[in-house]
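Structure at a glance
Each chain, written out:
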Amino acid sequence: MALLTGSNKIKTSVFISGNGSNLKSLIKFSKQRKSPILIQLIITDNLYAKGLNYAKHYKIKKKIIDFKNKNLAEKKIIFELKKNKIDCVCLAGFMRILSKNFIKNFKGKILNIHPSLLPKYKGLNTHQRAINKKEKFSGCTVHFVSSKLDSGKIILQKKVRIKSNDTPKKLAKKILAQEHKLYPKAILKIFNP
Ligand code: GRF
């Protein structure tokens, strides 16, 4: 495997809206020698996102973007991505749907992590819906972002068993722990095939 140094790693931006636990795991991964990515920019639509603490802690540049006007917000993000020479975007709990135009305009790769075994349970409340349907398994998926919600090409998935006494909260916790491993694996898979 080629030795990746900071300068030849893929400049990456992570978009978050909330806790940022996937952001944290991606930052930790990006600091490993084997990581093909370098996280250089954190974008959020939420000034109060807890995950912004990681920007401070790890001294990574952050931009808070007001989404009242989505068109304008996306233009600002594209500007920031270009300015920072970002080639890869990782959505990690980013609660906005990016427009076709945004996806077309950004020339790099856009990935997302979703807490279900896609194509099952796109959208929100995945754990509650999987439990209601008495599924035996749920899990998480890393996929490329396309203009349709949670529908782009799947990169990797991890199955998690649903126990009879699992609540949505318990299941979310189990799946989140797997997400933290799956996102780095998916990144390795696409950039170091
Ligand atoms: C994760 O479950 C992710 O799959 C979903 O939103 C949640 C974000 O969690 N898209 P965190 O902010 O990374 O802790």
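Just above, that's the structure.
Description of the structure in this document. What you are looking at is a predicted structure, and each value in this text was computed from that prediction instead of being measured.

1. What about unusual backbone geometry?
- Between Leu 118 and Pro 119 the backbone carries a cis peptide bond, its omega angle lying at 10°.
- Unusually for a residue other than glycine, Tyr 121 sits at a positive phi of about 55°.
- Within the secondary structure, Tyr 121 is located in the loop between strand 5 (109-114) and helix 5 (126-132).
- The backbone of Asp 150 shows a phi angle near 50°, a positive value even though the residue is not glycine.
- Looking at the secondary structure, you find Asp 150 in the loop between strand 6 (137-144) and strand 7 (154-161).

2. Observations concerning the packing of aromatic side chains
- Applying the stated criterion to the full structure yields 3 aromatic pairs.
- Geometrically, the ring pair formed by Phe 15 and Phe 94 is edge-to-face, given 5.3 Å between the ring centres and 75° between the ring planes. Of the two residues, Phe 15 is situated in strand 1 (residues 10-16) and Phe 94 in the loop between strand 4 (88-91) and helix 4 (100-105); the sequence distance between them amounts to 79 residues. Exposure class is identical for Phe 15 and Phe 94. Each is buried.
- Ring centres of Phe 15 and Phe 102 lie 6.4 Å apart, and the angle between their planes is 70°; on these two criteria the pair is classed as edge-to-face. With a gap of 87 residues between them, Phe 15 in strand 1 and Phe 102 in helix 4 connect regions that are remote in the sequence.
- Taken together, the ring pairs in this structure connect Phe 15, Phe 67, Phe 94 and Phe 102 into an aromatic cluster.
- One cation-aromatic arrangement involves Lys 159 over Phe 137; the distance from NZ or CZ to the ring centre is 4.5 Å.

3. Overview of the packing of helix 1 (residues 21-30) against helix 6 (residues 168-191)
- Two numbers describe how helix 1 lies on helix 6: the axes approach to 9 Å, and their chain directions differ by 45°. By the criterion of interaxial angle, the relationship of helix 1 to helix 6 is oblique. Judged by the twist between their axes, the crossing of helix 1 over helix 6 is right-handed. Only Leu 176, Glu 179, His 180, Tyr 183, Pro 184, Ile 187 and Leu 188 of helix 6 make contact with helix 1, whose side of the interface consists of Ser 21, Asn 22, Ser 25, Leu 26 and Phe 29.
- Of the residues contributing to the contact of helix 1 with helix 6, the split by class is 7 nonpolar, 4 polar and 1 charged.

The rules we used
Residues numbered from 1 in each chain as written. Predicted model: local features only at pLDDT ≥ 70, side-chain atom pairs only at ≥ 80, totals over all residues. Heavy atoms only, no water. Helix = DSSP H or I, 4+ residues; strand = E, 2+ residues; numbered from the N terminus. Phe/Tyr/Trp six-rings, centres within 6.5 Å; stacked < 30°, edge-to-face > 60°. Buried < 20%, exposed > 50% of the residue type's maximum accessible area, 1.4 Å probe, protein only. Lys NZ or Arg CZ within 6 Å of the ring centre and 35° of its normal. Axes fitted to C-alpha atoms, helices over the stretch in contact; angles between N-to-C directions. Parallel < 35°, antiparallel > 145°, perpendicular 65-115°, else oblique. Left-handed = near helix turned anticlockwise from the far one by under 90°. Contact = heavy atoms within 4.5 Å. Nonpolar A, V, L, I, M, F, W, Y, C, P; charged D, E, K, R; others polar.

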